[in-house]
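Results of the structural survey
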Amino acid sequence: MEAGQGNDLMRVVVVLAAGVVAVPLFRRLGLGSVLGYLAAGLVIGPFGLGFFGDAQAVLHVAELGVVMFLFVIGLEMQPSRLWGLRRDIFGSGITQVAVCGGLLTALGWAAGYSVPVAFIGAMGFVLSSTAIVMQIMGERGETSTLAGQRIVSILLLEDLAIVPLLAVVALLAPAVTGGGSASRWLTVGIALAAIIGLVAISRWLLTPVFNLLAKSHAREVMTAAALLVVLGAALAMQAAGLSMAMGAFAAGVMLSESTFRRQLEADIEPFRGILLGLFFMGVGMSLDVALVGRDWPMILAGVVAMMLVKSIGIFAVARLTCAGTREALHRAALMGQGGEFAFVLYAAAAAAGLFEPRLNAVLTAIVVLSMALTPLMVMALRLLPRAPDAPDMDGVEDAGSIGEVSGHLLMVGFGRFGQVASQALLARGIDITIIETDTEMIQAAAGFGFKVYYGDGRRLDVLRASGAGEARAILVCVDRPESATEIVALVKEAFPFTPVLARAYDRPHALELIRAGVDYQMRETLESAFAFSTAALRQLGVEEDAVAELEADVRRRENARLELEGLGERQAAIALIHGNRMTPTPLTRPRRQGQALTEETIAVIRDAAQGEEARLDGHSV
């Protein structure tokens, strides 16, 4: 028993070591982490060093990574976002999938395969690699450009297409011997009932449950609940005869408008990344090197033909949708490969009896090689001379008509301070993502039309899921001083170039924030105290010029004191308040000498003055 446990532990260590070595190496070479995982799996698999004898067993466990990946994609598929990108998603996206799918299906049919087999093989290759495309665009800084947004929209449509394609595989699967049309309709009815039940539960039950769990402030319970949602939805769909990935995707879509969306995404992300990497390693393990060696002419011809045909289709669609020549070439080179969802689709087709094992291995090898060639295709595109394309003004507004460019801000904390601070920004039309941990505050804010997400700003994964890496600025408006300091330090370490503005509680807290690297801090009562004192002066009949002069003098001394205390010059800061003792002292010298109202007060003032003169005489000696 101990030997078996030791072997299992050794396999875990081997998997981790292979990923740790291969992924950074491949990323350094510019080939991407996906290819690193595939290569690592190939090396340690049954056709490599043989640490694993059954690659399918690894794939069954690693499929959970794809399940969680689709759940995260579902969380991104908000109806509002889909509507905003409807032209590119449902225009360019559907057109590209349809054109490339039709061309590749015709290619497969011309190669001698049946129409169902050619169609599934073609559609698997149509789905580009989101991981590779997004990584290359991120490294080149193209994600936020207009052309990059078009590619992202098409990738969203392709990711969405995997769900109906998995359903098509189930419908095209050969009928079970002895089963009639009645059993097929029964299966479809059970599947529809499962989908309706899942939608109902996700829509009306999950948000109240998460609201209840959030009030317990038990972080591990929220993580367990997120995993329960994903795995429970996947298990329900599997029990109904559908794909586990379809269930996770449906649950994600239903929760995409939930206030807990950011927290769910952050909780799932570590498991998704690890299991998805394990899935790619399982695919690499399942690559039959001997079969590839025997069928290399077919595989090489398939890679060249399928990439060429798909690239031609992408280029034609891009030009038809008013993209420039160079943008169309760039899109064709970037998206001309098959993607990770092809492995899912081909595996489902093989399990359903549509693909023979040999065909599955050949198509998998073609996809893997096409993914490996993509970075080289993009690099080769840079060698082409730049054509003087006319500037693409589609979707570009005149800068004079919109004033300053609005951007995305992240606000952490939406209490009384954050609510007031957000007003001018929202009135300017600036997009603000708000995260808060107080569920009652979130519900109250929703009543006024605010979109506030549940999330703990002290967690880096929550900040990343909330878009901190792309935010133009981060506003820290939480109530607790220690939390604000922790968030500022975390943000400045993870996103050093992002401006951070924070609410300070008092002077010591402001100094802590400055030491943590905050770009701007404001004590929550400072401006109100200034306004209060100047209002009192006006009420007493002080002239407006004198009020302004006093306020400017107090502000100057206050800023100087804060700066000196931050530099450790405590005595110099004390000198600004006209005293040698740390007692509450006015920042400016009164215009008139104080007057005593009673004989007892006069005696106290006289004794204090005599004591001060004696102390000064002693120092002078």
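Residues numbered from 1 in each chain as written. Predicted model: local features only at pLDDT ≥ 70, side-chain atom pairs only at ≥ 80, totals over all residues. Heavy atoms only, no water.

**Focus on the pairing of strand S5 (residues 500–504)**
Two faces, one strand: in a regular strand the side chains alternate between the faces of the sheet. Of all five residues in S5, four are buried; the element is thus mostly enclosed. Summarising the sheet, strand S4 (residues 473–476) and S5 pair through three bridges and their orientation is parallel. Paired with Val476 across the strands is Ala502, a residue of S5. Each parallel crossover has a hand, and the one from S4 via helix H23 (residues 481–494) to S5 is right-handed. Where S5 and strand S6 (residues 520–523) come together, four bridges link them in parallel fashion. Looking across to S6, one finds that Arg503 is bridged to Met522. (Buried < 20%, exposed > 50% of the residue type's maximum accessible area, 1.4 Å probe, protein only. Helix = DSSP H or I, 4+ residues; strand = E, 2+ residues; numbered from the N terminus. Pairing = 2+ DSSP bridges. Right-handed = clockwise from strand over helix to strand, strands pointing away.)

**Focus on the environment of Ile474**
Residue position: Ile474 is located in strand S4. For Ile474, a relative accessible area of 0% corresponds to the buried category. Through-space distance from the C-alpha of Ile474 to that of Val500 is 4.9 Å; in sequence the pair is 26 residues apart.

**Notes on the side chain of Asp295**
Within the secondary structure, Asp295 sits in the loop between helix H14 (289–294) and helix H15 (296–320). Overall, Asp295 belongs to the buried group, its relative accessible area being 11%. Of note is the side chain of Asp295, whose polar atom sits 3.1 Å from the side chain of Arg358. For Asp295, the contacting residues outside a window of four places in its chain are Arg358 and Val362. (Polar contact = N/O pair within 3.5 Å; in protein donor to acceptor, adjacent residues only side chain to side chain. Contact = heavy atoms within 4.5 Å.)

**Quick look at the sheet that holds strand S3 (residues 452–454)**
Strand order in this open sheet of six strands is S3-S2-S1-S4-S5-S6, and the pairing throughout is parallel. Where the open sheet ends on each side, the last strands, each with one partner, are S3 and S6. If you compare each strand with its neighbour and ignore which way they point, the axes differ by 20° on average. Taken strand by strand, helix H24 (residues 507–516) contacts S5 and S6, and its axis lies near 160° from that of S5. (Axes fitted to C-alpha atoms, helices over the stretch in contact; angles between N-to-C directions.)

**A closer look at the environment of Ala240**
One can find Ala240 in the loop between helix H11 (219–239) and helix H12 (244–254). For the pair Ala240 and Ile190, spaced 50 residues apart in sequence, the C-alpha to C-alpha distance is 5.9 Å.

**Considerations on H24**
Residues spaced three or four apart along an α-helix face the same direction, because each turn holds 3.6 residues. Buried residues of H24: Arg507, His509, Ala510, Leu511, Leu513 and Ala516, and no others. You can read the cap of H24 off the contacts: a side-chain oxygen lies 3.0 Å from the backbone nitrogen of His509, and it is on Asp506. Backbone geometry just downstream of H24 places Gly517 in the positive-phi region, at approximately 100°.

**With respect to the pattern of salt bridges**
By the definition in use, this model includes 12 salt bridges. Between Arg538 and Glu544 there is a salt bridge, with its nearest N and O atoms 3.0 Å apart. Note on Arg538: relative accessible area 39%, which makes it partly exposed. We classify Glu544 as partly exposed; its relative accessible area is 44%. Across the salt bridge formed by Arg556 and Asp553, the nearest N and O atoms sit 2.7 Å from each other. Taken together, the positions of Arg556 and Asp553, both in helix H26 (residues 544–566) and three residues apart, correspond to about one turn of that helix. Relative accessible area serves as the criterion here: at 49%, Arg556 is assigned to the partly exposed category. It is possible to trace a salt-bridge network through shared partners that takes in Asp479, Arg503 and Glu524. (Salt bridge = Lys/Arg side-chain N within 4 Å of Asp/Glu carboxyl O.)

**Notes on the pairing of strand S2 (residues 431–436)**
Here S2 lies mainly inside the structure; five of its six residues are buried. Pairing geometry for strand S1 (residues 408–412) and S2, over five bridges, is parallel. The residue of S2 that forms the bridge with Leu410 is Thr433. A crossover links S1 with its parallel partner S2, the connecting element being helix H20 (residues 416–427), and its sense is right-handed. Strand direction decides the pairing type here: S2 and S3, joined by three bridges, are parallel. Bridge pairing in S3 places Ile434 opposite Val452.

**Some points on the packing of helix H13 (residues 261–285) against helix H17 (residues 340–351)**
At their nearest, the axes of H13 and H17 sit 11 Å apart, and the two run at 65° to each other. Crossing geometry of H13 relative to H17 is assigned as left-handed. Counting all contacts with H13, which are made through Phe279, Phe280 and Val283, the residues of H17 involved are Glu340, Phe343 and Val344. Counted by class, the contact of H13 with H17 contains five nonpolar, no polar and one charged residues. (Left-handed = near helix turned anticlockwise from the far one by under 90°. Nonpolar A, V, L, I, M, F, W, Y, C, P; charged D, E, K, R; others polar.)

**Description of the packing of aromatic side chains**
The way to describe two aromatic rings as a pair is by their centre distance and the angle between their planes. Throughout the structure, instances matching the rule amount to one aromatic pair. Aromatic pair Tyr346 and Phe355: ring centres 5.6 Å apart, planes at 45°, arrangement tilted. Tyr346 gets classed as buried once you look at its relative accessible area, which sits at 0%. (Phe/Tyr/Trp six-rings, centres within 6.5 Å; stacked < 30°, edge-to-face > 60°.)

**Comments concerning the environment of Ala167**
Take Ala167: it is sitting in helix H8 (residues 146–172). Once the C-alpha coordinates of Ala167 and Ala348 are considered, the two residues, 181 residues apart in sequence, prove to be 10.0 Å apart.

**Re the nonpolar core**
One recurring pattern in soluble globular proteins is that nonpolar side chains are buried together. Counting residues in hydrophobic clusters, the biggest one holds 69 residues, and the most contacted among them are Leu38, Phe341 and Phe355. Apart from residues lying up to four places away in sequence, Leu38 is in contact with Phe280, Val283, Gly284, Phe343, Val368 and Met371. (Core = buried A, V, L, I, M, F, W, Y, C linked by side-chain atoms within 4.5 Å.)

**Description of H13**
With 25 residues, H13 should cover 36 Å at 1.5 Å per step; its first-to-last C-alpha distance of 34 Å lies within 8% of that length. Roughly 40° is the biggest bend found in H13, and it falls at Glu269, with proline Pro270 one to four residues downstream. (Expected span 1.5 Å × (residues − 1). Bend = angle between axes of the 7 residues up to and from the residue.)

**Comments concerning the confidence of the model for the chain**
Taken as a whole, the chain shows an average pLDDT of 75; of its residues, 75% reach a score of 70 or greater. This stretch, residues 388–406, has a pLDDT under 50; its non-local contacts, to residues over four places away or in other chains, come to 19 contacts. Between residues 578–585, whose pLDDT stays under 50, and residues either more than four places distant or in other chains, the model counts 14 contacts. (pLDDT = per-residue confidence, 0-100.)

**With respect to the packing of helix H16 (residues 325–335) against helix H18 (residues 357–381)**
Between H16 and H18, the shortest axis-to-axis distance is 8 Å and the interhelical angle comes to 160°. Considering their axes alone, H16 and H18 lie roughly antiparallel with respect to each other. As for the relative orientation of H16 and H18, their crossing is right-handed in sense. Listed contacts from H18 to Arg326, Leu329, His330, Ala333 and Leu334 of H16 are Thr374, Met377, Val378 and Leu381. Tallied by class, residues from the contact of H16 with H18 come to six nonpolar, two polar and one charged. (Parallel < 35°, antiparallel > 145°, perpendicular 65-115°, else oblique.)

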